[in-house]
Amino acid sequence: MQDIFRRIIGQIADQYATVLLVLGAVSTITYMVLITDIRNQEGNARLVKMSTEQGQLIGDINLLLTEKTYLTNANEIRRVDAKIISNLTQLDQTHASLSAGDRYIREGDRLVHVPGTLSQDLRLIYFDNSKPLDHQMRTYLTTVRDLYRRSADHITLDDPVLNKLLFTLSPQLLEEISKASSIYQRQSEFMLGTTTNKQHMMFAISLATLLMVGTLLLQPLVLKLKDSALKMKQEKAFADNVINTTQALIIGLDTDAQVVLFNHHAEENSGWSEEEVKGKDFFSHFIPEHDQAELRKLFTEMMSGDAQYADSIETLMRISTGDLLNVVWNPTVITDSAGTPLMFLATGLDITERKEAEQQVKQANAELAQLSSRLQGEVNLAATLQRSILPQPNIALPGIVGLANLLTSSEVGGDYYDYYKVGGHNSILFIGDVSGHGVAAGTMVGAAKAGVYPLIHEGYTNPGEILNSLNINMQATAQQSLLMTMACLSLDARNGRLVFANAGHVLPYLLRKNAQHWEMLEASGLPLGKSLDSDYLQTAIELTLDVGDKLFLYTDGLVEEESPSGEPFGYDRLEFLLNANVDVEDPEDLRNILMDALRVHCRGTAYTDDITIVVISHTDRVSQAAQSNDVSDIIRISEGFYRQGEHPIPRISKEYVVFLAEQGYSDLLTRFSQDGICRILPKNDDFCHKLGWEHLLNQHHESADDDLYSLMPGQPQYRQFNLTHTEDKPFITEEIYSWLNDQGNLPKDHIEALMVILDEMTENSLYAAPRDGKGVAYYQKGESRELDAHEEVRIDIALTDGLLGLMITDNWGTLTPGVFLKNIAHAMENGVEAGIGGVGLYMMWRLSDYLQIRVHPQKRTQVTTLWGINNPIDMDVDSGIQFIYHTEYEAAYTVGA
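Since the model is a prediction, treat every value here as computed from it, not as a measurement.

Description of the overall build of the protein
Within the protein one finds 27 helices and 29 strands. Looking at the 897 residues of the protein, the share that counts as buried comes to 46%. Intrachain contacts of the protein at a sequence separation of at least 6 include 67% that bridge at least 24 residues. By element, 53% of the accessible surface of the protein is carried by carbon and sulfur atoms, the whole surface being about 44,500 Å².

The structure is reproduced here in structure tokens:
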């Protein structure tokens, strides 16, 4: 027996491998049975869970749709829409799987669904009863998608579709889902019972087997299998979590550029679900055609292995609404163990908000630049207008010649000088300085000029009265926020009587003829605008100038300018330079000496304050010529006499010959040109009678005033502009047009006529008038240039008592009566033709009620046009023309001892 037992034990030992194989087979069978049941059980649990979760998803979708009706913020709406589409996609997928009877089994570390069949009970619920669950679910999904595609402002709580969804479709659907869930639960419980029986049996078999081979061999195997399964599940869960929770768009493409991976963030931002885009060509579906080339090239290179790494690429990405997002893509490639590319992974960052912010910053910068340009343009216009209100720097007044020099530290300055004459023998000169500089100071300068206008035409000559009047204006304008110092001098050139009144300005200097030093003129007074109690008449001083005496006036910017070390130029240095140059006769030379010294002192020409210098000399005594109303020296030619035949014209200056027209005279223009008749007055013209018949006949005599103000006596409203550059013309033209429209009582036709003549007259003064002695033009028409310091182009506009007037003055004096009459006669005979000479002069005659041209050859031209506001513009009426051509300069005064 013992031998037999030993032989059996030996055989068992010898067949150890067979035993182990049997045990392995038993264990394998046991394991497979258990695993199969466990997987089936997991699949059943999955079905139960999916069925139950449908109700939760429906509740979430309904809540989000309700929430959407309250939202107005675009970002919040997009967040809700993303959640709705995510839940909707999940609900659709779940229902599709359940209604198809799919089963879930475990493969490796995950549950996968495989085709299956529905039980009879479930088929009845899903498809065969009176209200199939499948039909209700599809109706619900369709309704939700319809509501989702609407904008937030088109969904309200009382929306019938929303109410049907919430209160009709949803309750019925949830009820059927609940029934299906109960069946899945019962099936799961039944299978659980079956599995339990199998487990009992396999447990017994396994227990018997394990008792034979020992638990020590089975237990490590089971533990190892559990650990492996858990590890794989954890790794998958981690990978899925990383992909779906990262705040970046992760899109995977296969070798054909078709989408195989589309994470949650991509779904939320694009509005498409993963199921909608899987299998579609990434480039044609998401990327606009003009952005595809570079990204497609990179895809080809990386998937072929030609490139392993790539820099980020920015493109636009099309989303479900048709909008475009700005996305920066960081591409990489997933390879197998052999290095073969399997998937092109495009990780994108949505930078749309950043782009919009950059665009807003760019737009803000552009708007700031535009505002800066507009403000600079307005400042430049203010500077142009300020220059236009200042008189010419070369001063020529009765008994006085001199030079003014104004240098501003910014575009618009606060210094001011001005001068005018009264009665042919009184010269009034101002110099002023506003506290500060810039646009505000420039406004005060404009206010001062506005205050001076009426004083000129009212004939004020007393400096004390002038400053008293300006003080009231400055007080009303600035309300003491800005002050203005001013020195005012008046010289009677008949006897040399000088009156000086001062409103807080730096004191001027006087140099007597043959003296060796300058003396200071002292007069006190508060700045203009400081106090209404100031009386500058009481503080004015009076003295007598001799011929050859000089005056030097300036603003405090000259003495207050500092060197780089902080030392001011100072009064001592100024007086030293003045006294060292008492023999300098030319005012321009003295100005240059002072400015050169200032430039050396300050080491440059960038000054912190405005600087004005005025140097004048009393050159001679004058006596006012008697102005007589006697017009006995006029040769009158009647129309009837002239039309009778050829008659010799007296051999006298043609400005003494006047043709008295009794009817239209345009047919005589050619003959006038031949006879040199350039003064034609319609005898029966009401407008000429309104201007004063004797006054018009006397126009060959010089007046102490300009023609416009001589022909429009009284106190007209007026504006005056001086051009310093050809580019000033459009600014001044616009200013004149605005001023005329602001008057409110001017007919549009008169304004348009004046603007046409203004344009033509200004062009003539800038380009046609500047000619040399041979008649050759200095400048081409349209040439941009700065006017020479000695060149004057002045525009005057006046309005009063039913009269409107325009006057242009230049200092060329090159227009002749022959050229004038020949041009308008040519235009009359041949018609108006653009580009033909004389058209402008013809239009000036035809568009005005009265035209007067006064020329001092090679010295001055003054063209004046007048309108009666109540008279319509009629180009068929032959208006009065007077061309006064002084062969010798007839001054309003004569030189005396």
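Here we look at the packing of aromatic side chains
As enumerated under the stated definition, the model contains 23 aromatic pairs in all. With a centroid separation of 5.9 Å and 70 degrees between ring planes, the pair formed by Tyr842 and Trp845 is classed as edge-to-face. Of the two residues, Tyr842 and Trp845 are both situated in helix α27 (residues 839-847); the distance of three residues between them amounts to about one turn of the helix. Across this residue pair, the class does not change: Tyr842 and Trp845 are buried. Geometrically, the ring pair formed by Phe883 and Tyr885 is tilted, given 6.3 Å between the ring centres and 45 degrees between the ring planes. By way of ring pairs, the aromatic residues Phe262, Trp272, Phe282, Phe283, Phe286, Phe299, Trp329 and Phe344 are connected into one cluster. The ring of Tyr642 carries Arg671 above its face, with NZ or CZ at 3.8 Å from the centroid. Of note, Arg785 hangs over the ring of Tyr779, and the distance from its end group to the ring centre comes to 3.6 Å.

Focus on the nonpolar core
Counting residues in each nonpolar core, the largest one holds 56 residues, and the members touching the most others are Phe659, Tyr665, Ile736, Leu740, Ile795 and Leu806. Take this core: its biggest share by element is nine residues, from helix α25 (residues 748-768). Once residues lying within four places of it in the same chain are set aside, the contact partners of Leu806 are Leu708, Leu754, Ile757, Leu758, Met761, Ile795, Asp796, Ile797, Val863, Thr864, Thr865 and Trp867. Core analysis: the next-biggest nonpolar cluster, separate from the first, contains 49 residues, Ala447, Leu455, Leu482 and Leu543 among them.

Section: the sheet that holds strand β17 (residues 550-554)
Pairing within the open sheet is antiparallel, and its six strands lie in the order β8-β9-β18-β17-β14-β15. Since the sheet does not close on itself, it has two edges, and those belong to β8 (394-397) and β15 (519-520), each with one partner. The pairing of strand β9 (residues 400-407) with strand β18 (residues 611-618) spans eight bridges and is antiparallel. Paired with Leu403 across the two strands is Val615, which belongs to β18. Packed onto the sheet, helix α18 (residues 587-602) meets β9, β17 and β18 and runs at close to 25 degrees relative to β9.

Remarks on the sheet that holds strand β5 (residues 313-318)
If you trace the five strands from one edge of the open sheet to the other, you get β4-β3-β7-β6-β5, paired in antiparallel fashion. The open sheet has two edge strands, β4 (259-262) and β5, and neither has a second partner. Each strand of the sheet is rotated relative to its neighbour by a mean of 35 degrees, with strand direction disregarded. Bridge analysis of strand β6 (residues 324-335) against strand β7 (residues 341-350) gives nine bridges, and the strand direction is antiparallel. Each residue of the ladder has a partner; that of Thr335, found in β7, is Pro341.

Comments concerning the side chain of Glu791
With respect to the helices and strands, the residue Glu791 is situated in the loop between α25 and β24 (793-800). The exposure class assigned to Glu791 is buried, which follows from its relative accessible area of 3%. A polar contact is formed between the side chain of Glu791 and the side chain of Arg785, at a distance of 3.0 Å. Excluding its chain neighbours within four sequence positions, the residues that come into contact with Glu791 are Gln392, Ser765, Pro770, Tyr779, Arg785, Asn811 and Trp812.

Concerning unusual backbone geometry
The backbone of Arg603 shows a phi angle near 60 degrees, a positive value even though the residue is not glycine. Mapped onto the elements of the fold, Arg603 is located in the loop between α18 and β18. Phi is positive for Asp801, close to 45 degrees, though the residue is something other than glycine. Within the secondary structure layout, Asp801 lies in the loop between β24 and β25 (803-810).

Quick look at the packing of helix α26 (residues 817-830) against α27
Put simply, α26 and α27 touch, their axes get as near as 8 Å, and they point 80 degrees apart. One element, α26, and the other, α27, form an angle in the roughly perpendicular class. Between α26 and α27, the contacting residues are Phe820, Asn823, Ile824, Ala827 and Met828 on the first element and Leu841, Tyr842, Trp845 and Arg846 on the second. Among the residues forming the contact of α26 with α27, the class breakdown is seven nonpolar, one polar and one charged.

With respect to helix α5 (residues 133-149)
Taking 1.5 Å of rise per residue, 17 residues should cover 24 Å, and α5 covers 24 Å from first to last C-alpha, within 8% of that figure. Residues of α5 that are buried include every one of Leu133, Asp134, Gln136, Met137, Tyr140, Leu141, Thr143, Val144, Leu147 and Tyr148, and no others.

Focus on the environment of Arg123
Mapped onto the secondary structure, Arg123 falls in helix α4 (residues 120-128). Along the primary structure Arg123 and Asp134 are separated by eleven residues, whereas in three dimensions their C-alpha atoms are 9.8 Å apart. Every residue in contact with Arg123, bar those within four places of it in the chain, is listed here: Leu118 and Asp128.

Some details on α18
The first and last C-alpha atoms of α18 sit 23 Å apart over 16 residues, in line with the 22 Å expected at 1.5 Å per residue. Burial in α18 covers these residues: Pro587, Leu590, Arg591, Leu594, Met595, Leu598, His601 and Cys602. All buried residues of α18 lie within an arc of 125 degrees about the axis, which places them on one face of the element. In this structure, the buried side of α18 is in contact with β9, β17, α16 (557-560), α17 (571-580) and β18. Between a side-chain oxygen at the N-terminus of α18 and the backbone nitrogen of Glu588 the separation is 3.0 Å; the capping residue is Asp586. One or two steps after α18, the chain reaches Arg603, where phi turns positive at roughly 60 degrees.

Some thoughts on the pattern of salt bridges
With the rule as written, the count across this model stands at 33 salt bridges. Between Lys449 and Asp418 there is a salt bridge, and its shortest N-O distance comes to 2.7 Å. Residue Lys449 is found in helix α13 (residues 439-458), and its partner Asp418 is found in strand β10 (residues 415-422); the two are separated by 31 residues along the sequence. The residue Arg785 makes a salt bridge to Glu791 at a minimum N-O spacing of 3.0 Å. Owing to a relative accessible area of 7%, Arg785 belongs among the buried residues under this scheme. One salt-bridge network, held together by shared partners, links Asp706, Glu792, Arg794, Asp796 and Arg860.

Things to note about the confidence of the model for the protein
Low-pLDDT portions of the prediction should not be read for the details of their coordinates. Looking at the protein, the pLDDT average stands at 82 and 84% of residues meet or exceed 70. The model gives residues 624-630 a pLDDT under 50, and that stretch makes 14 contacts with residues more than four places away or in other chains. A low-confidence stretch, residues 888-897 (pLDDT under 50), is modelled with 25 contacts involving residues beyond four sequence positions or located in other chains.

Some thoughts on the side chain of Glu792
Topologically, Glu792 is positioned in the loop between α25 and β24. Taking relative accessible area as the criterion, Glu792 reaches 14% and is therefore assigned buried. Within the local environment of Glu792, its side chain forms a polar contact with the side chain of Arg794, the two groups lying 3.1 Å apart. If sequence neighbours within four positions are ignored, Glu792 has contacts with Gln392, Thr809, Asp810 and Asn811.

Some remarks on the packing of helix α24 (residues 728-743) against α25
Look at α24 against α25: their axes get within 11 Å of each other, and the N-to-C directions meet at 160 degrees. Looking at the two axes, α24 sits roughly antiparallel to α25. For the pair α24 and α25, the sense of crossing is right-handed. Taken together, the residues of α25 that come into contact with α24 (itself represented by Lys729, Thr733, Ile736, Tyr737, Leu740 and Asn741) are Ile751, Glu752, Leu754, Met755, Leu758, Asp759, Thr762 and Glu763. Counted by class, the contact of α24 with α25 contains seven nonpolar, three polar and four charged residues.

Cut-offs and rules
Every chain begins its residue count from 1, and numbering advances along the sequence as written. Totals for whole chains, interfaces and linings use every residue, but because this is a predicted model, local features are given only for residues with pLDDT of at least 70 and side-chain atom pairs only at 80 or more, for both listing and counting. Side-chain measures here rest on the full set of heavy atoms in the structure, leaving out hydrogens and waters. What counts as a helix is a DSSP run of H or I of at least four residues, what counts as a strand is a run of E of at least two, and both are numbered from the N terminus. Relative accessibility under 20% of the residue-type maximum defines a buried residue, over 50% an exposed one, and the middle range a partly exposed one, all with a 1.4 Å probe and only protein chains included. In this description, contact between two residues means that some pair of their heavy atoms is separated by no more than 4.5 Å. Accessible surface is estimated by sampling points in the Shrake-Rupley manner with a 1.4 Å probe; for residues, cover comes only from the protein chains shown. Two aromatic rings, drawn from Phe, Tyr or Trp (for Trp, its six-membered ring), form a pair once their centres lie within 6.5 Å of each other, and the interplanar angle then sorts them: stacked below 30 degrees, edge-to-face above 60, tilted otherwise. To sit over a ring, a charge needs its Lys NZ or Arg CZ within 6 Å of the ring centre and within 35 degrees of the ring normal. Nonpolar core, defined: a set of buried Ala, Val, Leu, Ile, Met, Phe, Trp, Tyr and Cys residues in which side-chain atoms within 4.5 Å join the residues together. A pair of strands counts as paired when DSSP detects no fewer than two bridges linking them. Interaxial angle, 0 to 180 degrees, is taken between N-to-C directions of lines fitted to C-alpha atoms, where a helix line uses only the stretch in contact. N or O atoms within 3.5 Å of each other form a polar contact, as long as, within protein, one can give a hydrogen and the other can take it, and as long as residues adjacent in sequence are counted only when both atoms are side-chain atoms. Should an angle lie under 35 degrees it is considered roughly parallel, over 145 roughly antiparallel, and from 65 to 115 roughly perpendicular; all remaining angles are considered oblique. Gly is put with the polar residues, along with every residue not named as nonpolar or charged; the nonpolar set is Ala, Val, Leu, Ile, Met, Phe, Trp, Tyr, Cys and Pro, and the charged set is Asp, Glu, Lys and Arg. Expected helix span is computed as 1.5 Å times (number of residues minus one). Directions from the helix axis toward the C-beta atoms define the arc. In the sections that follow, a salt bridge refers to a side-chain nitrogen of Lys or Arg positioned within 4 Å of a carboxyl oxygen of Asp or Glu. Confidence of the predictor in every single residue is expressed as pLDDT, which spans 0 to 100. Note: crossing handedness is left-handed where the near helix turns anticlockwise from the far helix by less than a right angle, and right-handed where it turns clockwise.

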